[in-house]
Amino acid sequence: MNSITSIFRIINTSSRSLRTLSIPGQHIAKMATNASVSEMEKERELFLDVFPSIMDTLVTKTKFSHVPHVANWTKKVLEYNLQGGKKNRGLSAALAYEMLEDPEKITEEKLKISRVLGWCVEMALLYTTMGQHLDFEMAHRHKKDYSLFTTEKYNSIAKFKTAYYTYKLPVCLGLLLANKTDPETHKRAESICIDIGLLFQMQDDFIDCFGVETLTGKIGNDIQEGKCSWLAVQALQHCSQKQRTVFVSCYGSPEPAHIERIKRLYEELELPALYHRTEKHLYDTIIKNLEQLPPDSMSPKLFVKLLDLIYDRKN
């Protein structure tokens, strides 16, 4: 955890100057094309190839020399918790460096370091813990109290639970590794990453309820757990008093009939259509903000690629 704390300290206090290329704003929308599947798969394979050496380094550390069983236990825990998944967060760190660094300065060694940092992103993090606590707290409030189901509270959950871990940290690590440490640049990057994180969390909430299980690979549980999801917040903002009674009676219940009733309520309120409009509006807003980046700031290519990887996703 000390190394992670140091990373955050560097991110928050660094002050060296930044030099980077910019792309004219009018060309940004044209860059939003899907990344090559083979290209991403190759990068994912390179990323996965680094993991065994990280584990070997960990278990041979001096601090474990007298307690090898602790080293083996730690390795087992990490291997268990890090297996599976798409590794998009860790890959984002490697991708951030590769796309933010001046091409002539990229070396195989630095690419390897970026992948190691990516694996650090995949392990335990302070801001994510804060976000998970907010999420847990909302799900375990007094059952009938929905006073905290507000847009502001939802945005806080998305910010801490998703945006910092999934986008801000990988991007800022990439900036640091590329020696781009101007505080104003990091501030702009953080703002854009928070918006992308909000978009990602909204998508997760929608997919949890309306996603196709064969595509998502999981059964949604936000309704039965009483989560402060985007759909729940919007339902409370748009429902009539009669519909609110239905929501309060059925939300947070594991009964299949109650779960289906909430889904029908979402459809009655036309929340799927509202979601798609909101998703498009947020995407367009982020693109517009990228177009307004100062010419001497950073290239928007990375953010466009991150957006393109998730926009209109189904899982």
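Given the structure is predicted, the values throughout are model-derived calculations rather than measurements.

1. Quick look at the environment of threonine 60
Here threonine 60 is to be found in the loop between α2 (37–59) and α3 (68–82). For threonine 60, a relative accessible area of 62% gives the class exposed. Taking the C-alpha atoms as reference, threonine 60 lies 8.0 Å from alanine 71; in sequence the two are eleven residues apart.

2. Some thoughts on helix α4 (residues 88–100)
Here α4 contains 13 residues, and its C-alpha end-to-end distance of 17 Å stays within 8% of the 18 Å for a straight helix at 1.5 Å per residue. Those residues of α4 lying buried are Gly90, Leu91, Ser92, Ala93, Ala94, Leu95, Ala96, Tyr97 and Leu100.

3. Remarks on the packing of aromatic side chains
Summed over all chains, the structure comprises 13 aromatic pairs. Taking the centre distance of 4.5 Å and the plane angle of 40° together, the rings of phenylalanine 51 and tryptophan 119 count as tilted. Separated by 68 residues along the polypeptide, phenylalanine 51 in helix α2 and tryptophan 119 in helix α5 (residues 108–122) bring together distant segments of the chain. In terms of burial, phenylalanine 51 and tryptophan 119 fall into one category: buried. Taking the centre distance of 6.2 Å and the plane angle of 65° together, the rings of tyrosine 146 and tyrosine 251 count as edge-to-face. Of this pair, tyrosine 146 sits in the loop between α6 (126–139) and α7 (151–177) while tyrosine 251 is found in the loop between α12 (241–250) and α13 (256–268), placing the two residues 105 residues apart along the sequence. Side by side, tyrosine 146 and tyrosine 251 carry an identical accessibility label, which is buried. Here the aromatic cluster, defined as three or more aromatic residues joined through ring pairs, consists of Tyr146, Phe149, Phe247 and Tyr251. A cation over an aromatic ring shows up here: arginine 313 above the ring of phenylalanine 200, its NZ or CZ 4.1 Å from the ring centre.

4. Regarding the side chain of serine 114
The topology assignment puts serine 114 in helix α5. Of the residues examined, serine 114 reaches a relative accessible area of 2% and is grouped as buried. With sequence-adjacent residues up to four places away left out, serine 114 is seen in contact with Ala93, Ala94, Tyr97 and Leu177.

5. Quick word on the pattern of salt bridges
All chains considered together, the criterion is met by ten salt bridges. A salt bridge links arginine 115 to glutamate 43, with the nearest nitrogen and oxygen atoms 3.1 Å apart. Of this pair, arginine 115 sits in helix α5 while glutamate 43 sits in helix α2, and the two are 72 residues apart along the sequence. On the accessibility criterion, arginine 115 (8% relative accessible area) is buried. You can call glutamate 43 buried: its relative accessible area is 13%. With a shortest N-O distance of 2.7 Å, arginine 313 and aspartate 204 are connected by a salt bridge. Of the two residues, arginine 313 sits in the segment after α15 (301–310) while aspartate 204 sits in helix α8 (residues 183–210), which places them 109 residues apart along the sequence. The partly exposed category is assigned to aspartate 204, whose relative accessible area is 27%.

Conventions we followed
Residues numbered from 1 in each chain as written. Predicted model: local features only at pLDDT ≥ 70, side-chain atom pairs only at ≥ 80, totals over all residues. Heavy atoms only, no water. Helix = DSSP H or I, 4+ residues; strand = E, 2+ residues; numbered from the N terminus. Buried < 20%, exposed > 50% of the residue type's maximum accessible area, 1.4 Å probe, protein only. Expected span 1.5 Å × (residues − 1). Phe/Tyr/Trp six-rings, centres within 6.5 Å; stacked < 30°, edge-to-face > 60°. Lys NZ or Arg CZ within 6 Å of the ring centre and 35° of its normal. Contact = heavy atoms within 4.5 Å. Salt bridge = Lys/Arg side-chain N within 4 Å of Asp/Glu carboxyl O.

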